[in-house]
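So you can see what is in the structure, the chains are spelled out below.
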Amino acid sequence: MALNTAHNRGGVIIYNGERILLYCDAVEMKIESDTSVDHFKGSHKGRLYLTSHRMIFTSASDKDMLQSFSTPFMCMKEVELEQPVFGANFMKGKVLAQPGGNWSGHGKFKLYFMHGGAIEYGQALLAAGRMACRQGMGQQPPPYVQPPSSFQPAAPPMYAPPPQGYGFTLPTQTFPQAPPGDNKLDALLYF
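Reference entry: report on the structure contained in this document. Each chain has its residues counted from 1, running along the sequence as written. Restriction of local features to residues with pLDDT of at least 70 applies here, the model being predicted, together with a cutoff of 80 or more for giving and counting side-chain atom pairs; totals for whole chains, interfaces and linings are based on all residues. Side-chain figures throughout are based on the complete set of non-hydrogen atoms in the structure, without hydrogens or water.

Moving on, we get to the pattern of salt bridges. By definition, a salt bridge exists where a carboxyl oxygen of Asp or Glu is found within 4 Å of a side-chain nitrogen of Lys or Arg. On inspection of all chains with the given rule, the structure shows 3 salt bridges. Between Glu78 and Lys94 there is a salt bridge whose closest N-O contact spans 3.3 Å. Of this pair, Glu78 sits in strand β8 (residues 76–82) while Lys94 sits in strand β9 (residues 90–96), and the two are 16 residues apart along the sequence. Buried, partly exposed and exposed residues are distinguished by accessible area as a fraction of the type maximum, computed with a 1.4 Å probe on protein chains only: under 20%, between the cut-offs, and over 50%, respectively. The class of Lys94 is partly exposed, set by a relative accessible area of 29%. As a salt-bridge pair, Lys92 and Glu82 come within 3.5 Å of each other at their nearest N and O atoms. Strands here are runs of E lasting at least two residues and helices are runs of H or I lasting at least four, both read from the DSSP assignment and numbered beginning at the N terminus.

See below:
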């Protein structure tokens, strides 16, 4: 898991060969760590991405100390879906810090889906994780650090499935749109 390394100018950074599978707005995240990290205090509201390699949360507020939180599938464990009688469905799990990820130790996260989609997102997360393991991505990923340069806007194919598909069906009925481009770069490709 890496802290504040997956964002730039209000957008998300993806890596060469990485694809955005889903995104969900109106997500609230809470993190607890075994070390004292001010960035994790309180709850954080923003956007949640699922890529072919990892899960990325980006904050909706420029004032939030936690601007992004990214974790490759291999650094996540004990991921569960909770469906309380009262309140929004949420996912929870444990994460392990990555080398060069701006913090060290272990943490627990909870993701609240304020407008729905927790079940569908969780199923897609599990399917993407299985796909990544099958394709040999089980080895330690490189440290996700803020790249010094060589950014470019991600081309529209970063949102489209590859011709051979993903090996599972994405819940596009729940998450029908690609991240909006607005007037800022929403996704940047890093080489």
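Let's shift gears to helix α1 (residues 118–134). The span you would expect from a helix comes to 1.5 Å times its residue count less one. With 17 residues, α1 extends 24 Å from end C-alpha to end C-alpha; this agrees with the ideal 24 Å at 1.5 Å per step. Buried within α1 are the following residues: Ala118, Tyr121, Gly122, Ala124, Leu125, Ala127, Ala128, Gly129, Met131 and Ala132. Elements in contact with the buried residues of α1: β4 (20–33), β5 (43–51), β6 (54–59), β8, β9 and β10 (106–113). Contact between two residues is taken to exist if any of their heavy atoms lie within 4.5 Å; hydrogens are not considered.

The backbone of Ala26 shows a phi angle near 60°, a positive value even though the residue is not glycine. Among the secondary structure elements, Ala26 is positioned in strand β4. In this structure, Glu78 takes a positive phi of about 50° despite not being glycine.

Nonpolar core, defined: a set of buried Ala, Val, Leu, Ile, Met, Phe, Trp, Tyr and Cys residues in which side-chain atoms within 4.5 Å join the residues together. Formed by 27 residues in total, the largest nonpolar core has its most connected members in Leu48, Leu50, Met55, Phe69, Leu111, Phe113 and Tyr121. Among the elements of the structure, β4, β5, β6, β9, β10 and α1 are those that each provide at least two residues to this core. Residues within four places of Leu50 in sequence aside, it is in contact with Arg19, Ile20, Leu21, Leu22, Phe73, Tyr121, Ala124, Leu125 and Ala128. Judged by nonpolar contacts, the second largest core, of 6 residues, contains Ile14, Tyr23, Tyr49 and Ile56.

Okay, the environment of Leu125 next. The residue Leu125 is located in helix α1 in this model. Relative accessible area serves as the criterion here: at 4%, Leu125 is assigned to the buried category. Sequence-distant contacts of Leu125, defined by excluding residues within four places in its chain, comprise Leu50, Phe73, Met76, Val79 and Met91.

Before going further, it helps to examine the side chain of Glu28. If you trace the backbone, Glu28 turns up in strand β4. Positive charge is attributed to Lys and Arg, negative charge to Asp and Glu, and no charge count is given to His or to the chain ends. Buried and unpaired, Glu28 has Lys30 as its nearest opposite-charge partner, separated by 4.2 Å. One polar contact links Glu28 to Ser43, side chain to side chain, over a distance of 3.3 Å. When sequence neighbours within four positions are dropped, the list of residues in contact with Glu28 reads Ser43, His44, Lys45, Lys110, Leu111, Tyr112 and Met114. By the criterion applied in these results, polar contacts are pairs of N or O atoms within 3.5 Å in which, for protein atoms, one can donate a hydrogen and the other can accept it, and in which residues neighboring in sequence qualify only through two side-chain atoms.

Looking now at the environment of Ala88. Structurally, the position occupied by Ala88 is in the loop between β8 and β9. A relative accessible area of 25% places Ala88 in the partly exposed class. Once the C-alpha coordinates of Ala88 and His115 are considered, the two residues, 27 residues apart in sequence, prove to be 8.1 Å apart. Excluding residues within four positions of it along the chain, Ala88 makes contact with Tyr112, Phe113 and Met114.

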